[in-house]
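Listed below are the residues making up each chain.
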Amino acid sequence: MEKLALPVPVANFCRDLLRWYQRHRRDLPWRRKLEPYSVLLAEVMLQQTQVKTVVPYYQRFLKRYPTLEDLAESDEEEVLSLWSGLGYYSRARNLRRAAQQIRDCHGGEFPRTYEEMIRLPGVGRYTAGAVLSIAYGQPLPILDGNIRRVFARYLKMDGLSAGDDSPPLWDLLTRLSRYAAARKEVSDLNQALMELGALVCTPRAPSCSRCPLEGSCLGLKAGVQEKLPLPRARRAVKRLSYAVAVVCHQDRFLLARIRESEFLKGMWEFPRIRVKDRERNLSPEMLEGAFHRELGLSLNIGGLLKPVRHQITFRRLTLHPAVGTLRTATPPSGLVWADPGGERSVPVPSYVAKIARLYRQIHDC
Ligand code: SF4
């Protein structure tokens, strides 16, 4: 394995970066008290999600489950409700299972070794390193998209693409984390690297004149900083069209649990069927037949609301809301009446709340 080296002594690199961090770091709620539970929660929420989106979710979640024990004792549906709108719901399920595993297998004490951390549900190399280095000062590296981008540019790593898991880079970061941990600075160093990628060495138009590494950055010297890292190969987008039955009664909507094997498992949504046709071909009669055939749902459909688009990872959904009433006195088993987004709602993905809002702008329930 090729060994990466910094263009300046490690001591200078760490000193410049840490000075910058002390002056410019953001006052984020999870930085106020660096405990393993709050660091884990923040790191899990921040995966694929921006800081400004995460902050209110983080605060609400911690208010409802202030300790790991509270989360371990929680109800999964309630956890998913608090997570509604943040996406990637397996993160919430894994976080709750991790809390239960810590309660059951570690006597409620957060693991202190990498080997134990990595065995927790949903915890990978990055998250284990982040929690143990930030909360406990352990000599462990972290490598996320921000840090990969900083080093791709700083070291002018021409062959590194955005999604690469680069062993030489992990090795360099391990050496840096050991150096910093010996000086009790690894928590700040790892956070400083993330912060630099988030605030200065940003994906587009890095602010090199404000960067503490400006003087030694190889990418900047070569004028290629904006071309690195190479873009990652994108997964092909899958387009899916569905019709959803919007049936409202006494201010509550008829909702179904999402089937086990599909995306957003465990959440609740409007009864949904796959359609191939474009909107203009979706007639109430055709949809009434299809809902009855596929879900045993007898409906009178009065019309369609404008389609709602929603993206879940690589899936681009087009949802055609079909507004109707039930022909039967009671809904088929497994369906419930609920108020999506209401105080005591079942957990729903954000497109359900969006369609409910759209409906209420036009109709009385
Ligand atoms: S000098 Fe510019 S390209 Fe280099 S690390 Fe700093 S912000 Fe990134």
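Residues numbered from 1 in each chain as written. Predicted model: local features only at pLDDT ≥ 70, side-chain atom pairs only at ≥ 80, totals over all residues. Heavy atoms only, no water.

Brief notes about the nonpolar core
How we decide: Each nonpolar core is a collection of buried residues, namely Ala, Val, Leu, Ile, Met, Phe, Trp, Tyr and Cys, held together in the definition by side-chain atoms within 4.5 Å. Relative accessibility under 20% of the residue-type maximum defines a buried residue, over 50% an exposed one, and the middle range a partly exposed one, all with a 1.4 Å probe and only protein chains included. An automatic or database domain assignment supplies the residue ranges for each domain. Should any heavy atoms of two residues lie within 4.5 Å, those residues are counted as being in contact.
By size, the foremost hydrophobic cluster in this structure holds 105 residues, and its most contacted members are Phe13, Phe61 and Phe151. Formed jointly, this core draws a minimum of three residues from each of two domains, domain 1 (10-227) and domain 2 (238-362). Excluding anything up to four places from it in sequence, Phe13 contacts Leu6, Val8, Phe151, Tyr154, Leu176, Leu193 and Leu213. Of all hydrophobic cores here, the second largest spans 17 residues; its members include Val275, Leu282, Ala290 and Leu297.

Quick word on empty space enclosed by the protein
To keep things clear, this is the line we draw: Grid points spaced at 1 Å and placed over the protein atoms alone form the basis of the search, with a cavity being a set where a 1.4 Å probe fits but cannot get out and a pocket an open set showing protein on both sides within 12 Å along at least five of seven lines. Lining residues have an atom within 4 Å of a point. Grid points are joined across faces, edges and corners, and a volume is the space filled by probe spheres set on the points. Where helices and strands are cited, they refer to DSSP runs of H or I of at least four residues and of E of at least two residues respectively, numbered from the N terminus.
All chains considered together, the criterion is met by two cavities of 30 Å³ or more. Of the pockets and cavities examined, the largest cavity occupies roughly 110 Å³. Lining the largest cavity are 13 residues, and of these Arg153, Cys201, Cys208, Cys211 and Cys217 lie nearest its centre. The biggest single contributor to the lining of the largest cavity is helix 9 (residues 145-154), with three residues. Considered as a void within the structure, the second largest cavity measures approximately 30 Å³ in volume. Lining of the second largest cavity is provided by Tyr37, Leu40, Leu68, Leu71, Leu95, Ala98, Ala99 and Ile102. Those elements that place two or more of their residues in the lining of the second largest cavity are helix 2 (36-46), helix 4 (68-72) and helix 6 (90-105).

A closer look at the domain arrangement of the chain
Our working rule: The quantity reported as buried area is the accessible area (1.4 Å probe) lost by two parts once they are put together, taken as the sum for both.
Assigned domains of the chain: these are domain 1 (10-227) and domain 2 (238-362). One C-alpha centre belongs to domain 1, the other to domain 2; they are set 37 Å apart. In total, about 760 Å² of surface goes out of reach between domain 1 and domain 2, with carbon and sulfur atoms giving 55% of it. The three residues of domain 1 that bury the most area against domain 2 are Glu77, Tyr89 and Arg93, which together make up 53% of that side's buried surface.

Points about helix 13 (residues 284-295)
The following threshold applies: Here, expected helix span is obtained from the residue count minus one, scaled by 1.5 Å. To be clear, the arc concerns the directions from the helix axis to the C-beta atoms.
Along its 12 residues, helix 13 runs 16 Å from first to last C-alpha, staying within 8% of the 16 Å computed at 1.5 Å per residue. Buried within helix 13 we find Leu287, Glu288, Ala290 and Phe291. Viewed along the axis of helix 13, the buried residues span an arc of 170 degrees, placing them on a single side of the element. In helix 13, the exposed residues that point more than 90 degrees away from the buried face are Glu285 and Arg293. Looking at the buried residues of helix 13, the elements they touch are strand 1 (238-249), strand 4 (272-274), strand 5 (299-304) and strand 7 (315-326). Of the residues one or two after helix 13, Gly296 is the one with positive phi, at around 65 degrees.

Some words on unusual backbone geometry
With an omega of -10 degrees, the peptide bond between Leu228 and Pro229 qualifies as cis. Tracing the chain through its elements places Pro229 in the loop between helix 12 (218-222) and strand 1. A positive phi angle is found at Tyr88, which is not glycine, with a value near 45 degrees. For Tyr88, the location among the structural elements is in the loop between helix 5 (76-83) and helix 6. Of note in this structure, Ala205 is not a glycine but carries a positive phi near 50 degrees. Looking at where Ala205 falls in the secondary structure, it is placed in the loop between helix 11 (186-199) and helix 12.

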